[in-house]
Amino acid sequence: MTTQLTEKHTGTAPTPRPTRTAPAARRTRGAGHRPWTPWLYLLPALAVLGGLLVYPVYQLGLISFLEYTQAQVSGGEPTSFQGFGNYTTLFADPQFRQVLLTTVVFAAVCVVTTLAVGCALAVLLTRVRALPRLILMLAALGAWATPAITGSTVWVFLFDPDFGPVNRLLGLGDHSWTYGRYSAFALVLLEVVWCSFPFVMVTVYAGIKAVPSEVLEAAALDGASQWRIWRSVTAPMLRPILVVVTIQSIIWDFKLFTQIYVMTNGGGIAGQNLVLNVYAYQKAFASSQYSLGSAIGVVMLLVLLAVTLVYLRLLRRQGEEL
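Cut-offs used in this document
- Position labels on residues start from 1 in each chain and follow its written sequence.
- Totals for whole chains, interfaces and linings use all residues, but because this is a predicted model, local features are given only for residues with pLDDT of at least 70 and pairs of side-chain atoms are given and counted only at 80 or more.
- Computation of side-chain values: all heavy atoms of the structure, hydrogens and water removed.
- For every element, the axis is a line fit to its C-alpha atoms; helices are fit only across the contacting stretch, and the angle between N-to-C directions ranges from 0 to 180 degrees.
- Numbered from the N terminus, helices here are DSSP runs of H or I no shorter than four residues, and strands are runs of E no shorter than two.
- Roughly parallel means an angle under 35 degrees; roughly antiparallel means over 145; roughly perpendicular covers 65 to 115; every other angle is labelled oblique.
- For any helix crossing, the convention is left-handed if the near helix is rotated counterclockwise from the far helix by under a right angle, and right-handed if that rotation is clockwise.
- Pairs of residues are marked as contacts when any of their non-hydrogen atoms sit within 4.5 Å.
- Ten residue types, Ala, Val, Leu, Ile, Met, Phe, Trp, Tyr, Cys and Pro, are classed as nonpolar, four, Asp, Glu, Lys and Arg, as charged, and the remainder, Gly among them, as polar.
- Take the buried residues of types Ala, Val, Leu, Ile, Met, Phe, Trp, Tyr and Cys, join any two whose side-chain atoms come within 4.5 Å, and each joined set is a nonpolar core.
- Here the term buried applies to any residue with accessible area under 20% of the maximum for its type, exposed to any over 50%, and partly exposed to those in between, with areas from a 1.4 Å probe on protein chains only.
- Two joining distances apply to patches: 9 Å for like charges and 5 Å for nonpolar side chains (Val, Leu, Ile, Met, Phe, Trp, Tyr), and every residue must have over 30% relative accessible area and no salt bridge.
- Accessibility throughout is a Shrake-Rupley quantity obtained with a 1.4 Å probe, and a residue counts as covered only by protein chains that appear here.
- A pairing counts as a salt bridge when a side-chain nitrogen of Lys or Arg comes within 4 Å of a carboxyl oxygen of Asp or Glu.
- Working rule for helices: expected span equals 1.5 Å times residues minus one.
- To obtain the bend at a residue, axes are fitted to the seven residues ending there and to the seven starting there, and the angle between these axes is taken.
- The predictor's confidence in any single residue is recorded as pLDDT, a number from 0 to 100.
- Aromatic rings from Phe, Tyr and Trp, taking only the six-membered ring of Trp, are treated as a pair when their centres fall within 6.5 Å; an angle between ring planes under 30 degrees marks them as stacked, one over 60 as edge-to-face, and anything in between as tilted.
- Ring-over charges, as used throughout, are those where CZ of Arg or NZ of Lys falls within 6 Å of the ring centre and within 35 degrees of the ring normal.

### Observations regarding the packing of helix H7 (residues 130-145) against helix H10 (residues 181-210)
How two helices sit against one another is set out by the angle between their axes and by the gap between those axes.
Point 1. Remark: H7 packs on H10, axes separated minimally by 7 Å, with the N-to-C direction vectors making an angle of 130°. On the basis of their axis angle, the class for H7 and H10 is oblique. Crossing of H7 over H10 shows left-handed handedness. Across the interface between the two elements, Arg-133, Leu-136, Met-137, Ala-140, Leu-141, Ala-143 and Trp-144 from H7 touch Trp-194, Cys-195, Phe-197, Pro-198, Phe-199, Met-201, Val-202 and Tyr-205 from H10.
Point 2. In the contact of H7 with H10, the residues fall into 14 nonpolar, no polar and 1 charged.

Structure follows, in C-alpha cells:
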C-alpha cells in the first residue's frame, strides 16, 4: 500500500527485482560452446575406427616382437619374446633392402604420373563441351569403379604375348611384357595410373570449378599463358586439394599388392618385381614366418607416416594453410 502511494505521488516506477532467468540463460547459451561437445558426435566413428584400425595395428606390432611361426600357431612350441630381433634379421637381409628401395622408387613414379595425368585431364574437362566432358567422366569413373583384380586381369590379357591385341597392333609378335623387370613394372604402372587417375581428376576438377572466374580472367587479361595461369594462379589456390590427393596417392601406391601379384605372377621371375606388400605376404603366408611379415607391415606403416609428416611439414614451412 505504501509503495503504491509513493508511486502515485512521486511518479517513479519501482526498481525491478533481479530475476534468476539471466544466469540460467547464460548457462544454456554456454552449453553449446563446451570444448568436448564435438567429441561426443565423433565418438561413434572413433569407436568404429578404434576397433578396425587401432587393435589390428596393436596386434601387428605385438607379433613383430615375438617368435611366431607355424610351430607357435599350431601350439607345438611356445611363443617367445624376441625384442627387436625380427627387425635386426629383416634389415640384415639384402633382399629386404632391395625390395624397400624398389617400393619407394616405384611408388614415387606412380604418384607423380597419376597426379600429372589426373591434373591434365581435370584441366581438359574445363576446356571441352558438355557431351565430351560427360563421356570422359563416365569412362574415368568406370575405370575407378573396376576392382583391382579385374583391371589387372584385363591388362594382362591386353598385353598377352599369344592372344593380346597390343602386340598385334604394334607388330611385336610373341614379346612378353612381364618377362623383363622394367617392362613388367611399366605394365603395372599403366594399370595403376588407369585405376587411380579418376580420383585425382574429379577432385582437382571440382577444385578448379571453385576458383573464382574473375581471378582467371584477370590473369588472362594480363597476358599470362595457360601454363602460367595454372602454375601461378590455379595450382596455389588448389594447394589444399593437391595435398589431399598426393597423400592419398602415396598411401595407395606404396601398399600395392593386387596389381603386382596378379600381373607379375607373385612378384616376377626370381622376385625381380617384388614390392613390400607382396614380400610381406610371401614371408608371412608362403614361408609361415608371421613375425617377419608383421615386422615388414610395421616398417611400411612407419615409412608412410614419415613421408606424410615430412610432406606436410614442408608445406607448412612454405606458409600454406592446410
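Having put the structure on the table, let's press on.
### Things to note about the nonpolar core
Point 1. By size, the foremost hydrophobic cluster in this structure holds 55 residues, and its most contacted members are Phe-106, Met-201, Val-204 and Ile-296.
Point 2. Ranked by the residues each element gives to this core, the list is headed by H10, at 13 residues.
Point 3. Residue contacts for Val-204: discarding those within four places in its chain leaves Cys-119, Ala-122, Trp-230, Leu-238, Ile-241 and Leu-242.

### Focus: helix H15 (residues 276-286)
Point 1. Along H15, the positions that sit buried rather than exposed are Leu-276, Val-278, Tyr-279, Ala-280, Lys-283 and Ala-284.
Point 2. At the exit of H15 stands Ser-288, carrying a positive phi of roughly 60°.

### Topic: a nonpolar patch on the surface
Point 1. A cluster of nonpolar residues, Trp-36, Trp-39, Leu-40, Tyr-41, Leu-42, Leu-46 and Leu-49, forms a patch on the protein surface that exposes about 830 Å² of accessible area.
Point 2. Note that Leu-42 resides in helix H3 (residues 37-64).
Point 3. Judged by relative accessible area, Leu-42 falls into the partly exposed class, the value being 42%.

### Concerning H10
Point 1. Compared with the 44 Å implied by 1.5 Å per residue over 30 residues, the 43 Å span of H10 between its first and last C-alpha is a close match.
Point 2. At Ser-196, H10 is bent by approximately 35°, the largest bend along its length, and proline Pro-198 sits one to four residues beyond.

### Some words on the side chain of Gln-259
Point 1. Tracing the chain through its elements places Gln-259 in helix H14 (residues 258-263).
Point 2. Relative accessible area serves as the criterion here: at 7%, Gln-259 is assigned to the buried category.
Point 3. Discounting residues that sit within four places of it in the chain, Gln-259 has contacts with Ala-148, Ser-152, Val-188, Glu-191, Val-192, Cys-195 and Thr-264.

### A few points about the confidence of the model for the chain
In low-pLDDT regions, the fine details of the predicted coordinates are not to be read closely.
Point 1. In the predicted model, the chain carries a mean pLDDT of 85, and the fraction of residues at 70 or more is 88%.
Point 2. Counted against residues more than four places away or in other chains, residues 1-11, with its pLDDT under 50, gives 3 contacts.
Point 3. Throughout residues 25-32 the model reports pLDDT below 50, and contacts reaching past four residues in sequence, or to other chains, amount to 1 contact.

### Some details on the packing of aromatic side chains
Point 1. Counted by the stated rule, this structure contains 19 aromatic pairs.
Point 2. Between Phe-96 and Tyr-279 the ring centres are 6.4 Å apart and the planes differ by 35°, which places this aromatic pair in the tilted class. Placement of Phe-96 in helix H6 (residues 94-125) and of Tyr-279 in helix H15 is noted, with a sequence separation of 183 residues between them.
Point 3. Judged by relative accessible area, Phe-96 falls into the buried class, the value being 0%.
Point 4. With 5.8 Å between their ring centres and 55° between their planes, Trp-144 and Phe-199 make a pair best called tilted. Of this pair, Trp-144 sits in helix H7 while Phe-199 sits in helix H10, placing them 55 residues apart in sequence.
Point 5. Ring pairing ties together the aromatic residues Tyr-68, Phe-257, Tyr-261, Tyr-281, Phe-285 and Tyr-290, which thus form one cluster.
Point 6. Between Arg-181 and the ring centre of Tyr-182, over which it is positioned, the NZ or CZ distance is 5.7 Å.

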